[in-house]
Structures are given as C-alpha cells and as structure tokens.
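# Architecture and fold: a report
These are the residues of each chain, in order.
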Amino acid sequence: MRMRKLIFIIISLNLLCVYSHSSNWEGSGTKEDPYQIRTAQQLADLANEVNNGIDFLDEYFSLTNNIDLSEICDETIGNWTPIGSSNNYFEGTLFGNNHTISDLYININNNSIYYGLFGHIGGHGAVYDLTLKNGYVYSTFWSGGIAAANNGLISNCKNINCVVESWCYSGGICGINFNTITNCSNQAEVSSVLCSGGICSYNYGTITNSANKSAITANEGCGGICGYNGGFANIDNCYNVRIGFIDNCSNTSSIMANEKIGGIAGRNDGFIVNSMNNGDINGVQHVGGITGYNGGFDGVTGNISNSSNIGNVIGRDTLTGGIVGYGNHASEIYNVYTDNNVYCLNSSTSKYIGEEIGQKDNCFIIIQPDNSEALYSIADQLNQWIDMQSDPDSYLKWKVMDNYIYTINKYSLSSLKDSISSPISQDDIKIYSVNGHLYIISPTRQSVDVYSVDGKAIRKIDLLSNAMTRIRLEKGVYIVNGHKVVVY
C-alpha cells in the first residue's frame with residue numbers, strides 16, 4: 001500500500017513538471033489573464049520552452065513593455081534564438097499591444113532554415129500589434145523579420161529598419177506564408193540572391209491590406225509584397241493546397257533585380273487584386289509594374305485584376321511592361337491601368353504587357369495624364385467592369401482623386417480600417433470566376449453549397465481558413481452562399 005502511494009506521488013510530481021513552465025511569467029495564460037512578458041529574458045524563455053516542445057496551444061501572451069534585445073543578442077554576445085523551429089511550432093497567441101521589440105540580431109550561415117523573431121508560427125498561432133525596430137537578420141534559407149515561416153496569423157505588425165537578408169528566400173515580415181498576413185507594413189531593406197519580398201518571400205496564403213515602403217533587391221524573384229505568389233495546377237487532386245492571394249496591397253519603394261521583378265510580386269501564379277505600385281521597378285528581363293512573370297508554373301493561372309501602376313518601370317529587353325513583363329498562356333489580366341512610364345532599352349513603345357499570349361480585358365495606358373476628362377472616362381470603364389463581375393463587392397471602386405488629378409487611385413488603405421477590424425462573418429467570402437473555374441476564399445473554415453438557379457444542389461465545398469479553393473464547373477449561373485455567380 002505504501003509503495004502504491006509512493007508511485008502515485010512520483011507520477012503526480014512528474015505531471016506537474018510536464019505542465020508547469022520554467023519561466024516566472026505573471027498571469028495564467030488565458031485570454032483574459034495572459035502571461036505577461038516584460039523583459040528580453042522572459043521573451044527568450046518563451047523561445048526556449050517552445051523549442052523544447054511546448055507549443056502553448058490555446059494559451060495567450062501579452063507584451064507589457066517595449067523590449068530591447070541588445071542585452072541578450074548582438075554581434076558580440078551571439079544570435080537570438082527564434083521562437084519556434086522547423087520541428088516545434090508556436091501555437092499560442094502573442095498580443096504585442098503596439099509595443100516595440102528592438103535590436104533583434106541573427107547572423108547564421110550554416111545551411112540553417114527558419115530564422116526571425118519567430119522561427120515557425122503554427123496553424124493555431126497568432127501575433128498581433130507588434131513593431132520590430134532596428135536590427136539584423138541573416139540566415140541561409142527562409143529569413144523573416146516577424147517570422148521565418150507562418151502557418152497562422154500575423155496581424156497589424158511592422159518592421160522598421162530591421163534589415164532582413166538571406167542567400168535564398170527573405171521577407172520583411174515573413175519568409176514563407178501559408179496562411180494569413182494582414183494590415184502589416186515593411187520599412188526595412190530586404191535582399192536575397194533568390195527571391196525576396198517586402199512582406200514575404202513565398203506566399204501560398206493570403207496577404208491583405210499591407211504595404212512595402214523600403215528597397216527590395218534580389219538577383220531573381222523580387223517584389224514589393226512578395227517574391228513569388230504561388231499556386232498549383234491540379235488543385236482538385238491535391239490535399240490542402242493553397243493559392244497565393246494578394247488583396248489591397250501597395251508598394252511605394254524601389255525594387256531591383258535581374259529578372260522576374262515586379263512592384264507587387266516577382267512572379268505571380270496566384271491572384272493579385274485591388275493592388276497598386278508607385279515605386280521604381282528596375283531590372284533586365286521579366287520586369288513589370290505589378291509582376292515580372294505572370295502565370296504558368298505547372299500550368300497554374302496567374303490572375304491580376306483591378307490593379308494599377310504609376311511607378312517607373314525600367315528594363316533592358318522587350319519583356320518589360322507597365323503591368324506585366326511577360327504573361328504566358330495561363331496569364332489573365334483584367335481591369336488594370338498603367339501610366340505611360342515604361343522605359344525599355346530595346347523598345348521605344350510603352351506597353352502594359354511586355355509580351356504575352358494569355359487573356360486580357362479592360363487594360364489602359366494613360367498617355368496624356370493631364371487630360372482630366374480622359375481620366376474620368378477610364379475610371380468609369382474600370383468601375384463598369386467591376387459592376388459586371390459575379391461578386392462586385394470583392395473589388396474596390398475607382399475614382400479620380402481631387403488633389404492628384406494626374407492619376408486614378410483607389411480609396412486609401414486607411415479608409416478601410418474600420419471594416420477590416422469588424423467581426424468576421426462566415427458569409428464574408430470572396431468569389432472569383434475565371435475560365436470554367438470558381439475561386440473561393442473564406443475568412444473561416446466552413447462548408448458551402450453550390451446550387452443551380454432552380455435550386456438543385458450541385459456540390460458541397462469544404463473551405464479552409466483564408467485559403468483559396470478552386471473548383472471546376474460547367475458554364476452557367478450558380479448560387480453560392482446566397483451569391484449569384486456566373487461561370488464563363
């Protein structure tokens with residue numbers, strides 16, 4: 001009997017050790033009473049515990065102060081250890097409370113991957129309202145300011161002057177994104193030999209309402225928002241495949257690379273909608289105001305719609321355009337405009353597409369920007385195209401700005417903040433219809449039903465959270481979650 005009691009005590013003590021945390025954080029880890037992080041060492045304790053296998057699923061953290069990391073990491077002391085790795089994900093929630101983490105330092109050159117403030121944010125993980133200021137991040141593969149890899153949510157975060165570099169794949173906010181980045185901005189230089197972007201290097205998820213305001217450079221694959229906006233062809237036959245989706249994003253800084261370079265994405269095999277470039281784009285080939293190379297990897301559609309370029313586009317060969325440098329057979333470009341600001345060494349003609357064999361409709365070059373009547377006419381035509389779409393609410397309307405008569409512009413990002421922060425409804429889905437396919441993106445994981453107009457059930461679709469899903473349908477009119485959509 002005494003032996004059984006002793007065994008029970010030992011097991012109980014072991015369980016307490018498993019479920020207790022070594023750090024002395026205040027708080028209980030609930031949403032109402034999150035663990036409080038006040039110091040650099042307490043943040044390092046979080047990294048240590050995550051990297052030792054505690055994912056903090058359904059637990060919450062809150063920054064209560066600005067944190068200076070220079071006391072625990074710099075060129076002399078050594079590198080910051082990211083929160084999470086390729087094997088251990090952070091699945092909790094961190095509330096930054098608009099505080100700043102400064103002087104992050106990472107300089108790793110040994111074929112390592114996933115280096116940033118966070119190494120890997122898991123599918124349930126989230127980081128809110130955080131500013132990263134000053135510092136330096138370098139690793140061989142997948143470098144990011146806020147996170148190297150994101151499967152969860154990064155919301156309302158900024159990178160201010162924390163330089164991000166890599167040999168391959170670097171992003172001002174995130175190295176590679178599989179889920180959601182929203183309301184973020186980059187104001188730090190980002191560079192890589194292969195693939196770099198102001199927000200992220202590779203995007204297979206959703207980037208919305210975000211902006212780049214600093215110089216981005218690479219040898220190949222370089223964009224103001226992302227280096228590569230990705231997708232796959234055989235989506236109906238693949239498990240958990242996501243299409244890169246960029247909505248309402250902008251670039252206002254210089255982008256430089258040799259090839260596959262664009263104001264929004266270096267290469268686009270996904271969707272870019274409601275986005276604008278106003279930065280100088282400078283490269284050799286595949287140079288575009290929105291994207292350098294559009295569509296075609298593994299046969300995937302690259303779709304650009306309702307977007308514009310008013311920055312200078314400078315290239316050396318004919319694969320240079322105000323919107324796209326090169327669009328192949330899978331390229332689709334609708335409802336866009338560019339200023340007459342394309343400079344090509346081997347061509348004296350300004351084009352919105354340098355060279356393409358894909359589809360295009362409602363594309364404009366503003367040859368005489370001082371003609372205000374022509375601007376209003378173009379704005380009307382752009383808005384007419386939106387009104388004819390299956391789900392016109394998915395697009396922002398256009399107008400001629402009173403204080404900037406030389407260009408057409410969308411409503412500013414700041415005017416959307418209230419609607420962005422409002423509660424998300426399951427009905428807030430976006431639907432795009434392209435060439436016999438429906439592309440549907442939902443803010444939440446849910447199932448939707450597709451009906452014919454006479455009420456016949458066609459099929460049920462399981463949607464992932466913030467993941468674009470593609471389904472093939474015959475030409476016709478359908479009802480999806482109360483939305484009337486036309487497949488053509």
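What counts and how
Residues numbered from 1 in each chain as written. Predicted model: local features only at pLDDT ≥ 70, side-chain atom pairs only at ≥ 80, totals over all residues. Heavy atoms only, no water. Pairing = 2+ DSSP bridges. Helix = DSSP H or I, 4+ residues; strand = E, 2+ residues; numbered from the N terminus. Axes fitted to C-alpha atoms, helices over the stretch in contact; angles between N-to-C directions. Expected span 1.5 Å × (residues − 1). Buried < 20%, exposed > 50% of the residue type's maximum accessible area, 1.4 Å probe, protein only. Contact = heavy atoms within 4.5 Å. Core = buried A, V, L, I, M, F, W, Y, C linked by side-chain atoms within 4.5 Å. Disulfide = S-S within 2.5 Å. Salt bridge = Lys/Arg side-chain N within 4 Å of Asp/Glu carboxyl O.

Moving on: the sheet that holds strand β42 (residues 446-452). In spatial order, the strands read β43-β42-β45-β46; together these four strands make up an open sheet with antiparallel pairing. Two strands close off the open sheet at either side, each with one partner strand: β43 (457-463) and β46 (483-487). Sheet twist, expressed as the average angle between the axes of neighbouring strands with direction ignored, equals 30°. Alignment of β42 against β43, held across six bridges, turns out to be antiparallel.

It is worth spelling out helix α2 (residues 40-51) at this point. For α2, with 12 residues, the first-to-last C-alpha span of 17 Å sits near the 16 Å given by 1.5 Å per residue. Judged by how many residues are buried, α2 sits mostly within the fold: nine of 12 residues are covered. Taken as a whole, α2 has its buried residues at Ala40, Gln42, Leu43, Ala44, Asp45, Leu46, Ala47, Glu49 and Val50. Check the buried side of α2 and you find it contacts β1 (35-37), β2 (60-63), β3 (67-68) and β4 (93-107).

Nonpolar side chains in soluble globular proteins tend to be buried together. Grouped together as the largest cluster of nonpolar side chains are 72 residues, with contacts concentrated most on Leu46, Leu69, Trp80 and Ile154. With near-sequence residues (within four places) excluded, Leu46 lies in contact with Trp25, Ile37, Phe56, Phe61, Ile83 and Phe90.

Glancing now at the sheet that holds strand β18 (residues 226-229). With respect to topology, nine strands assemble into an open sheet ordered β6-β8-β10-β14-β18-β23-β28-β33-β36, the strand pairing being parallel. The outermost strands of the open sheet, each flanked by one partner alone, are β6 (118-121) and β36 (353-356). Here the average twist between neighbouring strands, direction ignored, is 5°. Looking at chain direction, strand β8 (residues 147-150) and strand β10 (residues 174-177) are connected through three bridges and run parallel. Its bridge partner lying in β10, Asn150 is registered against Asn177.

Scanning all chains against the criterion turns up zero disulfides. Left without a disulfide partner, Cys157 is nearest to the cysteine sulfur of Cys184, which lies 4.9 Å away. Taking the relative accessible area as the measure of exposure, Cys157 reaches 0% and is therefore buried. Take Cys168: it sits in no disulfide, and the sulfur closest to it among the cysteines is that of Cys195, at 8.7 Å.

Another aspect to go through is the pattern of salt bridges. Proximity of charged atoms lets side chains of opposite charge pair with each other. Inspection of the entire model under this criterion finds six salt bridges. One salt bridge in this structure joins Asp387 and Lys397, with 2.4 Å as the shortest N-O distance. Here the residue Asp387 occupies a position in helix α3 (residues 372-387), and Lys397 occupies one in the loop between α3 and β38 (398-400), the gap between them amounting to 10 residues. The exposure class of Asp387 is partly exposed, given its relative accessible area of 48%.

Before going further, it helps to examine the pairing of strand β7 (residues 126-144). Relative to β7, β4 is paired through 11 bridges, and the arrangement is parallel. Bridge assignment links Ser102 to a residue of β7, and that residue is Lys133. Two elements, strand β5 (residues 113-115) and β7, share two bridges in a ladder whose sense is parallel. Within β7, the position partnered with Tyr115 by the bridge is Ser143. As paired strands, β7 and strand β9 (residues 153-171) are joined by 15 bridges and run parallel to one another. Bridge pairing in β9 places Tyr128 opposite Ser155.

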